[in-house]
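Coordinate inspection notes
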Amino acid sequence: MPMFVDPKPPSQYLYFNFHPLRNASMSQELELKLLIAPEKRDQALKVCQSLADARSGTTQKTQFELRNSYFDTSDLRLRQFDMGLRIRSHKDQKEQTIKLAGRVMGGMHQRPEYNVNVESEKPDLTLFDSEIWPDDFPVYDIQRDLETIFVTDFTRTRWRLPSGDGVIEMVLDEGQIQAGENSETISEIELELQGGSIDDAYHLAHQLVSKVEAKVGSLSKAARGYMLAGKSLLEPFTQMHYVPLEGDFTIGQALYRAVEYGLRHWQHNESCLLFNPSVRAVQGLADGIQLVRVALEQLIELGVGERQLLNNLAKITEQLQWLKNFEGLDELTAEDGAYHRALKRYEKLYESLQNSQEDVIRLNEVAEVVASVRYQTTVLKLSQFLIEQEMTEELSQPVSPWCSQLLKSDWQLVQTAFSEHEKLNEEGYLKLLKPLQNSLLMGTCFGELFDDDVREKFRLPWQDLARGIREITALHILHERIKERGDEDLDRLLEWQKMQRESLLKALEYSRKAALKRDPYWFA
């Protein structure tokens, strides 16, 4: 069965320029999506009604049934272009919609969509203007091969709230996604801006988070339908790529792009955690948070953003500290690791390390963190921060000279710390790990602006150094486990791990001296 696995980070989806249609209406979908637990349905209805009454006094809700059929080819050619095609049925009316590539930032979904009224239950791509398609898009081939992938049936309760120069359409959807014999519950609230105020939409979202424990939703019904149909996989992103920047970006454009990239990486892995909990998903989530933090710190230094956001990120990160112990134990037990073969000879010790690794995992605790009001409001605040993108005169300056100076100043601190001692011990290296990791993340933010070969030649020894320092933690854990167990081979094991630590220190010293000799890529 064909399966779509997106190999790229969320921020590298395709973006196209769009043109008005001659025979269909075009709109820029802008909506906040919030998920609610099905058992909170009655409470959600009451809260939505009270929020509507508070805004207009006598807002009446309307309720109706909707059925959506989603289409693609058997080899998912529309999905590969990040497009969604559906026909929506309500009573005797049908509307055909194509949604094109867009953005999702902290639950705020932005996608251009084109709609046209139809009579047939089978879609016709030729009803859309040819100008909306990317170059070489095989419209007729795809049209010929379209088939139903899944359907959604749900009841929509709608309130139209006056806001700004328009309205906010607040809807509660309850129903099912159906793909063959598989089904999944729909229980969500959407806040769609139709000329309404962004501030009002986010205020409503915060109220829903606090009153009905709503959660920010980054996956659309379509994305969930493809997964339910077995047509796509939700895999954690564990490798952080360089933020995709352009040389003509301003400082503001670059930093906001970096925050957006980090948030998408974070939320993608959060979705993986909720659908299929794993340590890899938590690791990816933590990496995304750290990238957001590094870019946000720079924006705050330049006068935009709230420091409270950084404090909230720090508090979330504190609750993920068990990852350090897990990764240290994984270094010792991984089959492709440097220590697996030697430790496997000591069966009881090896089993103890494996059991300890299982014991430190806190997936349930992470799920509680993600569901917390603090976490959800932090995501909403980041989302609004990215949507509004406040600019200043300084942020409007070119990014290249500014980031070269930033990287220089930051790296001088790291370089001084690593070179002020002729020789470093384990504790010395461990103290330097955090500033080194921060500087490497700074390079992840801006590295795309520089020559690939020169950049990688500089970064590789420093990345090796960071990996080696993390390995010290693994050997410390091993030392404690050996002493705790008191095996009959205690002396031999302690001597062996001592040799490993000495060998690692020698390797770190070699990497440190090699790294300090490399010429920075931002001067190339």
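Note that the structure is predicted; figures quoted are calculated from it, not measured.

On to the overall build of the protein, then. Looking only at helices and strands, the protein has 17 helices and ten strands in total. A compact globule built from 524 residues would reach a C-alpha radius of gyration of about 24 Å, and the protein, at 26 Å, matches this within 12%. Counting only C-alpha atoms, the protein reaches 80 × 55 × 50 Å along its principal axes. Counting every position in the protein, which comprises 524 residues, the buried fraction comes to 54%. Pairs at least 24 residues apart make up 75% of the contacts formed inside the protein by residues separated by at least 6 positions. Carbon and sulfur atoms make up 45% of the accessible area of the protein, which amounts to about 24,800 Å² in all. Side chains of the protein give 62 positive and 83 negative charges; the mean places of these two sets differ by 3 Å.

Ranked by internal contacts, the top residues of the largest apolar core, which has 130 residues, are Leu 208, Trp 266, Phe 418, Leu 436, Phe 446 and Trp 462. Looking at this core element by element, the count peaks at 13 residues for helix 7 (residues 279-301). Excluding residues within four positions of it along the chain, Leu 208 makes contact with Leu 34, Val 47, Cys 48, Leu 51, Ile 189, Leu 191, Glu 213 and Ala 214. Judged by nonpolar contacts, the second largest core, of 18 residues, contains Leu 85, Val 116, Leu 125 and Val 139.

According to the stated counting rule, one finds 32 salt bridges in the structure shown. Ionic pairing is found between Arg 41 and Asp 42, a salt bridge with its closest N-O pair at 2.9 Å. You can call Asp 42 partly exposed: its relative accessible area is 48%. Between Asp 464 and Arg 467 there is a salt bridge whose closest N-O contact spans 2.3 Å. Of this pair, Asp 464 and Arg 467 both sit in helix 16 (residues 452-485), three residues apart, which is roughly one turn of that helix.

Along any regular strand, the residues point their side chains to alternate faces of the sheet. By the bridge criterion, eleven bridges tie strand 2 (residues 62-72) to strand 7 (residues 147-163) in an arrangement that is antiparallel. By the bridge assignment, Ser 69 is partnered in strand 7 with Val 151.

Applying the stated criterion across every chain yields a total of 18 aromatic pairs. For the ring pair Phe 81 and Phe 137, a centre distance of 5.1 Å and an interplane angle of 80° mean the geometry is edge-to-face. Of this pair, Phe 81 sits in the loop between helix 2 (77-80) and strand 3 (84-90) while Phe 137 sits in the loop between strand 6 (108-118) and helix 3 (139-145); the two residues are 56 residues apart in sequence, bridging distant segments of the chain. Here Phe 81 falls in the partly exposed class, since its relative accessible area comes to 23%.

Here we come to empty space enclosed by the protein. For the structure shown, the criterion picks out one cavity of 30 Å³ or more. As a volume, the largest cavity reaches approximately 30 Å³. Among the elements of the structure, helix 14 (399-419), helix 15 (426-446) and helix 16 are those that each provide at least two residues to the lining of the largest cavity. Broken down by element, the residue count for the lining of the largest cavity peaks at three residues, all from helix 15. For the lining of the largest cavity, the residue count by class is six nonpolar, two polar and one charged.

With that settled, the discussion passes to the side chain of Asn 269. Take Asn 269: it is sitting in helix 6 (residues 251-275). One polar contact links the side chain of Asn 269 to the main-chain amide nitrogen of Phe 237, over a distance of 2.9 Å. Ignoring any residue separated from it by four or fewer positions in sequence, one finds Asn 269 in contact with Pro 236, Phe 237, Arg 280, Ala 281, Gly 284 and Leu 285.

It helps to recall that an α-helix has 3.6 residues per turn; residues three or four apart then point in one direction. For helix 6, built from 25 residues, the straight-helix expectation of 36 Å at 1.5 Å per residue is met to within 8% by its first-to-last C-alpha distance of 36 Å. Most of helix 6 sits inside the fold, with 21 of its 25 residues counted as buried.

Relative to the assigned elements, Asp 145 resides in helix 3. Given the relative accessible area of 26%, Asp 145 is considered partly exposed. Taking the C-alpha atoms as reference points, Asp 145 and Asp 72, separated by 73 residues in sequence, lie 7.8 Å from one another. Those residues in contact with Asp 145 that sit more than four places away from it in its chain are Asp 72, Thr 73, Ser 74 and Arg 77.

Conventions we followed
Residues numbered from 1 in each chain as written. Predicted model: local features only at pLDDT ≥ 70, side-chain atom pairs only at ≥ 80, totals over all residues. Heavy atoms only, no water. Helix = DSSP H or I, 4+ residues; strand = E, 2+ residues; numbered from the N terminus. Rg over C-alpha atoms; globule rule 2.2 N^0.38 Å. Buried < 20%, exposed > 50% of the residue type's maximum accessible area, 1.4 Å probe, protein only. Contact = heavy atoms within 4.5 Å. Areas by Shrake-Rupley, 256 points an atom, 1.4 Å probe, with all protein chains shown as cover. Lys, Arg positive; Asp, Glu negative; His and termini not counted. Charge placed at Lys NZ, Arg CZ, Asp CG, Glu CD. Core = buried A, V, L, I, M, F, W, Y, C linked by side-chain atoms within 4.5 Å. Salt bridge = Lys/Arg side-chain N within 4 Å of Asp/Glu carboxyl O. Pairing = 2+ DSSP bridges. Phe/Tyr/Trp six-rings, centres within 6.5 Å; stacked < 30°, edge-to-face > 60°. 1 Å grid on protein atoms, 1.4 Å probe; cavity = no way out; pocket = protein on both sides within 12 Å on 5 of 7 lines; lining within 4 Å. Points joined across faces, edges and corners; volume = space filled by probe spheres on them. Nonpolar A, V, L, I, M, F, W, Y, C, P; charged D, E, K, R; others polar. Polar contact = N/O pair within 3.5 Å; in protein donor to acceptor, adjacent residues only side chain to side chain. Expected span 1.5 Å × (residues − 1).

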